Amino acid sequence: MAIRNIRELGDPCLRKICKPVKDVNLRTKTLIGDMFDTMYEANGVGLAAPQVGILKRIFVVDVGDEEGNSVPYVFINPEILDRDGIQAGYEGCLSVPGKSGMVTRPNRIKVRAFNEKMEVFEMEAEGMLARCILHENDHLNGIVYVDKVDGRLYDNDELYGEEE
């Protein structure tokens, strides 16, 4: 697989609405593998296709589990079916490097999507996983988290110190 260039805020690709995926072919599978490699290389927990310049309704996430194990998910043509509760927390984005902002989102969601084999699945998510799914799903609709920030954007070193 390959590491792809991540588009940054200001790139028109990040503001476009993505097209549905009709089938998964070799090119799509390669894209998904590249997206995981790119996300992991950049120390991210989610990456949407428009962030690597592809206007398709695909994103990948891996927020791990409590033991620190990798738990990768592929979402193709996702649809948020239900939202509940409220959570507020700092979000960052690989397309807005070095910045974070406070964003309020639902705490629990239900989502329907296709996996990399074009098999439909539904899942419920809460907390960080729900936040990540909603963040990446926004990318498919031309929305970047900075559009939803309550207050201002912070430099990560202001929030987390120099080690970030």
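J.: Is there a simple way to think about the pairing of strand β2 (residues 58-61) in this case?
T.: Going residue by residue along β2, you find Ile 58 and Val 60 tucked away on one face and Phe 59 and Val 61 tucked away on the opposite face as well. Note that strand β1 (residues 46-48) and β2 share three bridges and pair antiparallel. Considered in β2, the bridge of Gly 46 is made with Val 61.

J.: Please explain the sheet that holds strand β7 (residues 120-126) as it appears in this structure.
T.: In any sheet, the strands associate via hydrogen bonds between backbone groups, in a parallel or an antiparallel arrangement. Pairing is antiparallel across the open sheet formed by five strands, whose spatial order is β1-β2-β3-β6-β7. Across the chains shown, the open sheet's two edge strands, defined by having one partner strand only, are β1 and β7. Across the sheet, the axes of successive neighbouring strands diverge by a mean angle of 35°, strand direction being ignored. Note: strand β6 (residues 108-114) against β7, seven bridges, orientation antiparallel. Following the sheet pairing, Ile 109 is matched in β7 by Ala 125. Contacting β1, β2 and β3 (73-84), helix α1 (residues 26-41) crosses the sheet at an angle of about 40° to β2. Where helix α2 (residues 127-139) meets the sheet, it contacts β1, β2, β3, β6 and β7, and its direction lies at approximately 125° from that of β7.

J.: Please clarify how the pairing of β6 should be interpreted in this entry.
T.: Within a regular beta strand, the side chains point alternately toward one face of the sheet and then the other, so they alternate between its two faces. Here β6 shows a buried face lined by Ile 109, Val 111 and Ala 113 and an unburied face lined by Arg 108, Lys 110, Arg 112 and Phe 114. When β3 meets β6, the two strands line up antiparallel, connected through six bridges. Residue pairing across strands places Arg 83 opposite Ile 109, the latter belonging to β6. Between the antiparallel neighbours β6 and β7 lie five residues, among them Met 118 with a positive phi of about 60°.

J.: Can you help me understand the packing of aromatic side chains in this one?
T.: For any two aromatic rings, the description comes down to two numbers: the centre-to-centre distance and the angle of the planes. Applying the stated criterion across every chain yields a total of five aromatic pairs. Taken together, a centroid distance of 5.9 Å and an interplanar angle of 20° make the contact between Phe 36 and Tyr 40 stacked. Taken together, the residues span about one helical turn, with Phe 36 and Tyr 40 both in helix α1 at a distance of four residues. A relative accessible area of 13% places Phe 36 in the buried class. A centroid spacing of 6.1 Å and a plane angle of 45° characterise the contact between Tyr 73 and Phe 75, whose relative ring orientation is tilted. Residue Tyr 73 is classed as partly exposed on the basis of its relative accessible area, which comes to 26%.

J.: What's the story with α2 in this structure? I'm lost.
T.: For an α-helix the count is 3.6 residues per turn, leaving residues at separations of three or four pointing the same way. Given a rise of 1.5 Å per residue, 13 residues ought to cover 18 Å, and the 19 Å separating the end C-alpha atoms of α2 matches this to within 8%. Most of α2 sits inside the fold, with 12 of its 13 residues counted as buried. What α2 keeps buried is the set Gly 127, Leu 129, Ala 130, Arg 131, Cys 132, Ile 133, Leu 134, His 135, Glu 136, Asn 137, Asp 138 and His 139.

J.: I would appreciate a short explanation of the environment of Ile 58 in the present structure.
T.: Structurally, the position occupied by Ile 58 is in strand β2. Residue classification places Ile 58 among the buried residues on the basis of a relative accessible area of 1%. As a C-alpha pair, Ile 58 and Arg 105 span 47 residues in sequence and 21 Å in three-dimensional space. Among all residues touching Ile 58, those that are not within four sequence positions of it are Val 21, Thr 28, Leu 31, Ile 32, Met 35, Ala 48, Ala 49, Phe 75, Ile 76 and Leu 140.

J.: Sorry, what's going on with α1 here?
T.: Spanning 16 residues, α1 covers 22 Å between terminal C-alpha atoms, matching the ideal 22 Å at 1.5 Å per step. Taken residue by residue, α1 has Thr 28, Leu 31, Ile 32, Gly 33, Asp 34, Met 35, Phe 36, Thr 38 and Met 39 as its buried positions. Contacts from the buried residues of α1 go to β1, β2 and β3. Two to three positions downstream of the cap, the backbone nitrogen of Arg 27 sits 3.1 Å from a side-chain oxygen, assigning the N-cap of α1 to Asn 25. Looking one or two places after α1, you find Asn 43, whose phi comes out positive at around 60°.

The rules we used
Residues numbered from 1 in each chain as written. Predicted model: local features only at pLDDT ≥ 70, side-chain atom pairs only at ≥ 80, totals over all residues. Heavy atoms only, no water. Buried < 20%, exposed > 50% of the residue type's maximum accessible area, 1.4 Å probe, protein only. Helix = DSSP H or I, 4+ residues; strand = E, 2+ residues; numbered from the N terminus. Pairing = 2+ DSSP bridges. Axes fitted to C-alpha atoms, helices over the stretch in contact; angles between N-to-C directions. Contact = heavy atoms within 4.5 Å. Phe/Tyr/Trp six-rings, centres within 6.5 Å; stacked < 30°, edge-to-face > 60°. Expected span 1.5 Å × (residues − 1). Polar contact = N/O pair within 3.5 Å; in protein donor to acceptor, adjacent residues only side chain to side chain.

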